[in-house]
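Examination of the molecular architecture
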Amino acid sequence: MAQIRSQHSQLELIQFHLVNLEEIYMAHYAFIDTDNIVVEVITGKDETDTETLPEGFDSWEQYYETQRDALVCKRTSYNTQNGEHLLDGTPFRQNYAGIGYTYDATNDVFYAAQPYPSWTLNETTWIWECPVPYPEVDEETFDEEFPVFYEWNEEDQTWDVVE
């Protein structure tokens, strides 16, 4: 009986925390090395939560930066991709930072590593664009049972069907 009571109490505690998580806001922060490459991304305090900000700091970016030697800390938006906010908000730093991304301090943006030498960086969306558009798939050519996938062929500058 004690085992059942213990499990029931744990379930109530988990439910309590899940309900209260809806009231917790958080932000994501990227740590950037001296080459402007993102080396770590963490979940941290929301930038508007200044009540719990340690004394002597003006922002959570500033505080978190003191927690990693020789790394710069910048907030990044999980909901921003390709220069657009997924929830119709204001895009923030053009892309959610990922490990290996570059931080461009002049434009205050994050962008992924160049996938191929022939691809160029679109400085509006901050994503890499292929010199040849991806093949269009329409209702007539789409086969739900056997979909066609393509991969970029850098040598031939073509999209090749993956066999």
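Rules used throughout
- Each residue is numbered by its place in its chain's sequence as written, counting from 1.
- Local features are withheld for residues below a pLDDT of 70 in this predicted model, meaning they are given only at 70 or higher, and side-chain atom pairs are given and counted only at 80 or more; totals for whole chains, interfaces and linings count all residues.
- Values shown for side chains rest on all heavy atoms present in the structure; no hydrogens or waters enter the calculation.
- In summary, the pairing rule links any two rings of Phe, Tyr or Trp, Trp by its six-membered ring, whose centres are within 6.5 Å, and it sorts them by plane angle into stacked for under 30 degrees, edge-to-face for over 60 and tilted for everything else.
- Only protein chains enter the accessibility calculation, which uses a 1.4 Å probe; a residue whose area is less than 20% of its type maximum is buried, one above 50% is exposed, and one in between is partly exposed.
- Ring-over charges, as used throughout, are those where CZ of Arg or NZ of Lys falls within 6 Å of the ring centre and within 35 degrees of the ring normal.
- Nonpolar core, defined: a set of buried Ala, Val, Leu, Ile, Met, Phe, Trp, Tyr and Cys residues in which side-chain atoms within 4.5 Å join the residues together.
- Strands here mean DSSP runs of E at least two residues long; helices mean DSSP runs of H or I at least four residues long; both are numbered from the N terminus.
- Contacts were defined at the residue level, with two residues in contact if any of their heavy atoms lie within 4.5 Å.
- Each reported salt bridge corresponds to a side-chain nitrogen of Lys or Arg within 4 Å of a carboxyl oxygen of Asp or Glu.
- Two strands pair under a simple rule: DSSP has to find at least two bridges between them.
- Axis definition: a line fitted to C-alpha atoms, limited for helices to the stretch in contact. Angles are taken between N-to-C directions and run from 0 to 180 degrees.

**Thoughts on the packing of aromatic side chains**
- Under the definition given, this model contains 15 aromatic pairs.
- Aromatic pair Trp152 and Trp159: ring centres 5.2 Å apart, planes at 65°, arrangement edge-to-face.
- Residue class for Trp159 comes out buried when judged on its relative accessible area of 18%.
- Through a chain of ring-to-ring contacts, three or more aromatic side chains come together here, namely Tyr116, Trp119, Tyr134, Tyr150, Trp152 and Trp159.
- If you follow Arg68 out to its NZ or CZ, it ends over the ring of Phe31, 4.6 Å from the centre.

**Some words on the nonpolar core**
- Ala27, Tyr29, Phe31, Ile42, Leu53, Trp60, Tyr64, Leu71 and Cys73 form the largest nonpolar core, which has nine residues in total.
- At the level of secondary structure, the elements contributing two or more residues to this core comprise strand S1 (26-32) and helix H2 (60-65).
- At three residues, S1 tops the list of elements feeding residues into this core.
- In contact with Ala27, other than residues within four places in its own chain, are Ile42, Thr43, Gly44, Lys45, Asp46, Glu47 and Arg75.
- Formed by eight residues, the second largest nonpolar core is a distinct cluster that contains Trp119, Leu121, Trp152 and Trp159.

**Thoughts on the environment of Gln157**
- Of note, Gln157 is situated in the loop between strand S10 (150-153) and strand S11 (158-161).
- By relative accessible area, Gln157 is classed as partly exposed at 29%.
- The sequence separation of Gln157 and Pro131 amounts to 26 residues, and the corresponding C-alpha distance is 7.6 Å.

**Let's talk about the pattern of salt bridges**
- For the structure shown, the criterion picks out five salt bridges.
- With a shortest N-O distance of 2.7 Å, Asp108 and Arg93 are connected by a salt bridge. One end of the pair, Asp108, is in the loop between strand S6 (102-104) and strand S7 (109-111); the other, Arg93, is in the loop between strand S5 (84-85) and S6, and 15 residues separate them in sequence.
- Residue classification places Asp108 among the partly exposed positions, given a relative accessible area of 30%.
- According to the relative accessible area criterion, Arg93 is buried, its value standing at 11%.
- What emerges from the salt-bridge pattern is a single network uniting Glu61, Arg93 and Asp108.

**What to know about the pairing of strand S2 (residues 38-45)**
- In this sheet, S2 lies alongside S1 in antiparallel orientation, the contact comprising seven bridges. Residue pairing in the sheet places Ala30 in a bridge with Val41 of S2.
- Where S1 hands over to S2, the hairpin turn is made up of five residues, of which Asn36 adopts a positive phi near 65°.

**Section: the sheet that holds S1**
- One open sheet holds the three strands; their spatial order is S2-S1-S3, and the pairing between them is antiparallel. Whereas interior strands pair on both sides, the edge strands pair on one side only; in this sheet they are S2 and strand S3 (72-76). Each strand of the sheet is rotated relative to its neighbour by a mean of 30°, with strand direction disregarded.

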